[in-house]
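# Remarks on the overall topology
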Amino acid sequence: MLLIGVFAIQHSVMARQSFKRWWTRIVPASVERSTYVLFASFALLLLYWQWQPIPTPVWTVNHPVAAGAIDAVFWLGWVELVVSTFLLNHFELFGLSQVFMHLFGKQPPEAKFRTPLLYRYVRHPIYLGILLAVWATPAMTVGHLVYSLGITAYILIGIQLEEHDLIQQFGNRYRRYRRHAAMLVPLSCRSFAASQDADI
């Protein structure tokens, strides 16, 4: 849990606007995002290096069809995660676009609020993909369960912090979006009609 906490604190603190304002007094604004990703990678490497498995089984699904279905959900989660980054801007999320724009003397475009495809129905499809990937396993161990619970807690807390920043940035546009799109699981077939609204 401490290893997960190191990643969660780094990931959440460096994502806050107040930290970004302080951090860009030290590093150029063009590398703010890429340094954030770099430190997040270090935190993940520490977690991978020091994580100790607890192999005691919690559940085991032996039926090949059921196990295959669970594995499919696992891979669906990873596919959704990657696709969701490209629906926004994969290279901007990783800080690459900002660096290359700076190298070529271009200014990054002003942040715009968009809800492409999956984002019309779910506000955080990247987090949903992570949750599917960490929970969908035919062989859950105690160590895996601890990891899944820790990541889930981090995501639920991180969403609250992230949405607070998004409301500050986009105001009523994000408030309207939040009323129409589910946080993680779309429980109705109602789409986010505001994606066709010029005000959004």
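Report follows, based on the coordinates. This is a predicted model, so every value here is computed, not measured. (Residues numbered from 1 in each chain as written. Predicted model: local features only at pLDDT ≥ 70, side-chain atom pairs only at ≥ 80, totals over all residues. Heavy atoms only, no water.)

## Comments concerning the pattern of salt bridges
Using the following cut-off: Salt bridges are counted wherever a side-chain nitrogen of Lys or Arg sits within 4 Å of a carboxyl oxygen of Asp or Glu. Only DSSP runs of H or I covering at least 4 residues are called helices, and only runs of E covering at least 2 are called strands; the numbering of each starts at the N terminus. Categorising residues by exposure relies on relative accessible area from a 1.4 Å probe, with only protein chains included: less than 20% of the type maximum marks a residue as buried, more than 50% marks it as exposed, and the intermediate range marks it as partly exposed.
With the rule as written, the count across this model stands at 3 salt bridges. Two residues, R123 and E163, come together in a salt bridge whose shortest N-O distance is 2.6 Å. Placement of the pair is R123 in the loop between α6 (96-103) and α7 (125-135) and E163 in helix α8 (residues 142-170), with a sequence separation of 40 residues. For R123, a relative accessible area of 11% corresponds to the buried category.

## Remarks on the packing of α8 against helix α9 (residues 172-180)
If you want to describe how two helices pack, look at the angle between their axes and the distance between the axes. Heads up, the condition is: Orientation is described by lines fitted to C-alpha atoms, with helices fitted over the stretch in contact, and by angles between N-to-C directions that extend from 0 to 180 degrees. Angular relationships are summarised with four words: roughly parallel below 35 degrees, roughly antiparallel beyond 145, roughly perpendicular across 65 to 115, and oblique for the angles in between. Here, two residues are considered to be in contact whenever any of their heavy atoms come within 4.5 Å of each other. Only Asp, Glu, Lys and Arg are considered charged, only Ala, Val, Leu, Ile, Met, Phe, Trp, Tyr, Cys and Pro nonpolar, and every remaining residue, Gly among them, polar.
Between α8 and α9, the shortest axis-to-axis distance is 6 Å and the interhelical angle comes to 130 degrees. Classed by the angle they form, the pair α8 and α9 counts as oblique. On α9, the residues touching E163, L166, I167 and F170 of α8 are N172, R173, Y174, R175 and R178. Looking at the contact of α8 with α9 residue by residue, the class counts come to 4 nonpolar, 1 polar and 4 charged.

## A closer look at the packing of α7 against α8
Where α7 contacts α8, the two axes come as close as 10 Å, and the packing angle between them is 170 degrees. In terms of axis orientation, α7 runs roughly antiparallel to α8. Residue-level inspection shows Y127, I130, L131, V134 and W135 of α7 in contact with α8, the latter providing H144, L145, Y147, S148, L149, I151, T152, I155, I159 and E162. Along the lines of polarity and charge, the residues of the contact of α7 with α8 split into 11 nonpolar, 3 polar and 1 charged.

## Digging into the nonpolar core
Just so we agree on the cut-off: As used in this record, nonpolar core signifies buried Ala, Val, Leu, Ile, Met, Phe, Trp, Tyr and Cys residues forming a set joined through side-chain atoms within 4.5 Å.
If you look at the biggest cluster of nonpolar residues, it comprises 15 residues, and the most contacted ones within it are F7, Y127, Y154, I155, I159 and L184. For I155, the residues in contact, after removing those within four places along its chain, are Y127, I130 and L131. Judged by nonpolar contacts, the second largest core, of 9 residues, contains L87, F113, L166 and A181.

## Here we look at the side chain of T85
Short version of the rule: Side-chain atoms alone can form a polar contact between residues adjacent in sequence; in general such a contact is a pair of N or O atoms within 3.5 Å, and within protein one must be able to donate a hydrogen while the other accepts it.
If you trace the backbone, T85 turns up in helix α4 (residues 64-88). A relative accessible area of 6% means that T85 is categorised as buried. Of note is the side chain of T85, whose polar atom sits 2.8 Å from the side chain of H90. Excluding residues within four positions of it along the chain, T85 makes contact with H90, L93 and I126.

## Here we look at the packing of aromatic side chains
Think of a pair of aromatic rings as described by two things: how far the centres are apart, and how the planes are tilted against each other in angle. Stated formally: Stacked, tilted and edge-to-face are the three classes assigned to paired rings of Phe, Tyr and Trp, where Trp is represented by its six-membered ring and a pair needs centres within 6.5 Å; plane angles under 30 degrees give stacked, over 60 edge-to-face, the rest tilted.
For the structure shown, the criterion picks out 14 aromatic pairs. Aromatic side chains F113 and Y174 sit 5.7 Å apart centroid to centroid with 75 degrees between the ring planes, which places their arrangement in the edge-to-face category. Linking F113 in the loop between α6 and α7 with Y174 in helix α9, this pair joins segments that are 61 residues apart in sequence. For the pair F113 and Y174, one class covers both residues: buried.

## With respect to unusual backbone geometry
Phi angles above zero are rare outside glycine, and L117 is one such case at about 45 degrees. Along the polypeptide, L117 turns up in the loop between α6 and α7.

## A word on the environment of V58
Checked against the element boundaries, V58 lands in strand β1 (residues 57-60). Look at V58 and you get partly exposed, because its relative accessible area is 40%. Sequence separation between V58 and A139 is 81 residues; the distance between their C-alpha atoms is 7.6 Å. In contact with V58, not counting residues within four places along its chain, are M140, T141, V142 and L145.

## Brief notes about α4
The test is simple: Multiply 1.5 Å by the residue count of a helix minus one, and that product is the helix's expected span.
End to end, α4 covers 36 Å across 25 residues, agreeing with the expected 36 Å (1.5 Å per residue, within 8%). Tucked inside the fold, the buried residues of α4 contact α5 (90-93) and α7.

## Observations concerning a nonpolar patch on the surface
Filter applied, for reference: Like charges within 9 Å and nonpolar side chains (Val, Leu, Ile, Met, Phe, Trp, Tyr) within 5 Å are joined into patches, using only residues over 30% in relative accessible area that form no salt bridge. Per-residue and other accessible areas follow the Shrake-Rupley method at a 1.4 Å probe size, with only the shown protein chains counted as cover for residues.
Judged by side-chain polarity, V82, F86, F91, F94, L96, F100, L103 and F104 come together as a nonpolar surface patch covering roughly 860 Å² of accessible area. For the nonpolar patch, the elements supplying multiple residues, two or more each, are α4 and α6. The biggest single contributor to the nonpolar patch is α6, with 3 residues. Among the structural elements, F86 can be located in helix α4.

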